[in-house]
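# Inside the fold
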Amino acid sequence: MPSPSPSRPRLRVALAAPVVLGALAVAAALPPAPGEGRAAAPGQGEALAKGNAHVQGSALAQRAAHAKGAALAQGSALAQRNPHAKRSALVDPSPVRVNQIGYLSGADKIATVVSEHTSPLAWRLVDTTSSKVVATGTSRIHGADRASGDHVHRVDFSAVTAPGTYRLTVGDPGGDVGSVPFAIGGNPLYPHLAREAMQYFYFHRLGTPVSARYLQSPAHAHDALHPGDSSVPCYQDWCGKERLDVAQSWADAGDFGIYPVNHAIAAWTLMNLYERRPAAHGDSTLLIPERGNGRPDLLDEVEYGSRFLSGMLPASGLASHKVHNHRWSAFPVEDVAAENTLPRSAMGPSTNATYAVARTNAQLARVLGAFDADRADLLWASAQEAWKRAEAAPDVDYTDTTPDAEGGGDYADTGNDDDRYAAAAELFLTAQRRAEGAETGENYRTAVIRSPHYGHVADFSWADVATLGTLSLLAVDSDLPAADLAAMRGRLKTFCDEVIAVQDGEGYPAPIPGSGPYPWGSNSSVVNRMLLLGTDYDLTADPRALKAMHRSMDYLMGANAMRLSYVTGYGAYHETDLHDRLAWGRYPATPYPRGWLSGGPNSTLINDTATPTGRPAAKSYAGPGTAPAAWGSKENTVNWNAPLVWAATYLELTTPDLAAVARPGDPAAVRVSRATGPVTPVPVTAAGRTLRPAR
């Protein structure tokens, strides 16, 4: 999208507070509107945005209305410049929704069928190779699905375990409807997904040329973006005339800003995967320049993307909250040299960003210690320095009124105690690993155990990071009391049991409740809950947690109200274009890389011109070819692809646990049990991504 004019209103939004998914039951019952996935018509923007006042407050909604209205004309012009933005929807036409890839033999296999019938429907499972019917049964009526407004049935064919390729048909023979073909078997379902999802990070490296040899499509190669980040001024001289060296990082999302608070959760997720599964993504397993250096490629990628963090600290005081251009970059970026000439600054400081530097560098020092002691020492020193500075200025918040330039998101957050706890946990664990002096380790330990968040387990995001501290305490050996650790495991188990109950109560296999609006980046809520379920399975071996992970992946891979896989390149009908300035510039001649996760349906606040308004939560999602104007639902980010890597890696590594061998005489169908009592939705916190200003 062309960059906004200087006079264009700027929407600055924070998602620091929890978004409770339990308020829009009426909206969830609305039928799908015609023209699903198209931009709002001219004149609708202000009215629809003002209608969202009950969600985010009237003042915020009115600002959204102005931003949306200003964007409508730009979105129309962009669609004309990109004719493929008006292509028909590439979605599954069948009402029988399944995981478009398949199911492990021992996993739950539950399809969703959209049908207004109020009587059970006959179904047949057909082997596509032999055309033989291998199982039959009748559907179970679920009724109205709160999130989508669809009236649905569920078909449970979990008892079918024989390897093969199948198609599920529903209805009377001769007039039935069928699903896309899918596999059942004992081999990994997504053998390349984790590695392709990891390629997202190399694709988005800043400060170095991105080489064709490491990309899925050579056409995406380009010269270094923003090599000038090695010397960045402070916006309005907040740190005097000092210039910061923030060279080498990951572009945060579809733009080229770098944000410590959002980077920190992405880096933590990948490092947590390493600390739980150290053999994952070892040396020479990924396509990156550092392969073959004797260090796990996973850590190489995180180390590169995190190099900017220490440089966010000026000579004294708190770290810069973010670095980005003074105006939004062109969409798409077709001239890297021109992009690199745009003014760019380090915006003002915050306590949150400083704790983010501390916790990320402390964790990175811990995992790199066995491979590069010198680098680990430097990171550890930086982590401790950042901690001291944050402790000295604990309440410097970055808000939506902090003066800064227009070309980036705010990541506003006025709560710092969760950041302090998460940082203290990483510093404590690293101090113990390094056998630091008793006084140093005890100071961090005290900060951990006296925190009001000690042992906290809940949903997490860039703005709510306390759970990350607890998960690290559960992943790394320490001398914390065994009873405390047991209590943490118990809280995790309780939370995951609630997630499983929520998932079972939904018409589609989403692990987030449909009783209210879906937050910005709802798919990140899905994959973050998959991370929690996987951790629970790691600690308890409860098969329900692993099966719930697989059902969550069913949702992402096509068993959803939008009738497509939200992961680029995966499934017969998959997402084709996301809000990314680099990838869009080569599209459609060059497809988007495989393995990128779309943000997903967003009905919390819509300030773009492509994400539809007035829809049920699970259908508030932009259509194909709309990426430039669809940042509200089709953005891609580092902290959304990182948990996709975590989940895909974990499902691949645990494949043997659900690779059941077919047994003759298995019953044809298994009924899905309902919860014995009412299911209380677990609120989903604001998804791990700040709302983007309209641009």
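Refer to the structure above for everything that follows.
Residues numbered from 1 in each chain as written. Predicted model: local features only at pLDDT ≥ 70, side-chain atom pairs only at ≥ 80, totals over all residues. Heavy atoms only, no water.

## Description of the side chain of Ser320
Stated precisely, the cut-off is as follows: Only DSSP runs of H or I with at least four residues qualify as helices, and only runs of E with at least two residues qualify as strands; both kinds are numbered from the N terminus onward. The term polar contact refers here to a pair of N or O atoms within 3.5 Å; inside protein, the definition further demands a hydrogen-donor-capable atom paired with an acceptor-capable atom, and it admits residues adjacent in sequence only when both atoms are side-chain atoms. Any pair of residues with heavy atoms lying within 4.5 Å of one another is described as a contacting pair.
Along the polypeptide, Ser320 turns up in the loop between α7 (297-305) and β16 (323-325). Here the side chain of Ser320 touches Lys322 through a polar contact of 3.0 Å, landing on its backbone oxygen. Polar side-chain contacts of Ser320 include one of 2.8 Å to the backbone oxygen of Met347. Those residues within four positions of Ser320 in sequence are excluded, and the remaining contacts are Trp238, Leu244, Pro260, Met312, Ala346, Met347, Gly348, Pro349 and Ala353.

## Some details on the packing of helix α14 (residues 482-505) against helix α15 (residues 522-540)
Keep this limit in mind: Here, axes are lines fitted to C-alpha atoms. For helices the fit covers the stretch in contact, and angles between N-to-C directions go from 0 to 180 degrees. When an angle is under 35 degrees it counts as roughly parallel; over 145 it counts as roughly antiparallel; between 65 and 115 it counts as roughly perpendicular; any other value is oblique. Crossing chirality is assigned from the near helix's rotation relative to the far helix, an anticlockwise turn below a right angle marking it left-handed and a clockwise turn marking it right-handed.
For the pair α14 and α15, the least separation of the axes is 9 Å and the interaxial angle reads 125 degrees. Judged on the interaxial angle alone, α15 and α14 are oblique. Crossing of α14 against α15: the hand is left-handed. Listed contacts from α15 to Arg489, Leu492, Lys493, Phe495, Cys496, Val499 and Ile500 of α14 are Arg529, Leu532, Leu533, Thr535, Asp536, Leu539 and Thr540.

## Describing the sheet that holds strand β1 (residues 96-97)
Filter applied, for reference: Strands are treated as partners if at least two bridges between them are detected by DSSP.
As summarised here, the arrangement of the four strands in space is β1-β3-β7-β6, forming an open sheet in which the pairing is antiparallel. This sheet does not close on itself; its edge strands, each paired only once, are β1 and β6 (140-144).

## Points about the packing of aromatic side chains
Here is the rule: Each Phe, Tyr or Trp ring, with Trp reduced to its six-membered ring, pairs with another whose centre is within 6.5 Å; inter-plane angles below 30 degrees give stacked pairs, above 60 give edge-to-face pairs, and intermediate values give tilted ones. In this scheme, a residue with accessible area under 20% of its type's maximum is buried, one over 50% is exposed, and one in between is partly exposed, where area comes from a 1.4 Å probe on protein chains only.
A full pass over the atoms with the stated rule returns 22 aromatic pairs. Both rings, one in Tyr592 and one in Trp596, keep their centres 5.9 Å apart while their planes meet at 80 degrees; by these two values the pair is edge-to-face. As far as burial versus exposure is concerned, Tyr592 and Trp596 are alike and both buried. Aromatic ring contacts, followed pair by pair, group Tyr200, Phe201, Phe203, Trp250, Phe331, Trp584, Tyr587, Tyr592 and Trp596 into a single cluster.

## Concerning the pairing of strand β10 (residues 182-185)
With three bridges joining them, strand β2 (residues 102-104) and β10 adopt parallel strand pairing. Bridging from a neighbouring strand, Leu104 pairs with Gly185 of β10. Note that strand β8 (residues 164-170) and β10 share three bridges and pair antiparallel. Its bridge partner being in β10, Gly164 is matched across the sheet by Ile184.

## So, the packing of helix α9 (residues 351-368) against helix α10 (residues 373-392)
Packing of α9 against α10 leaves a shortest axis separation of 8 Å and a crossing angle of 155 degrees. Regarding the angle of α9 to α10, the classification is roughly antiparallel. With respect to the hand of their crossing, α9 and α10 are arranged in left-handed fashion. Across the interface between the two elements, Thr351, Thr354, Tyr355, Val357, Ala358, Asn361, Ala362, Leu364, Ala365 and Leu368 from α9 touch Arg375, Ala376, Leu379, Trp380, Ser382, Ala383, Ala386, Trp387, Arg389, Ala390 and Glu391 from α10.

In short, the description is geometric, and any link to function would need to be established separately.
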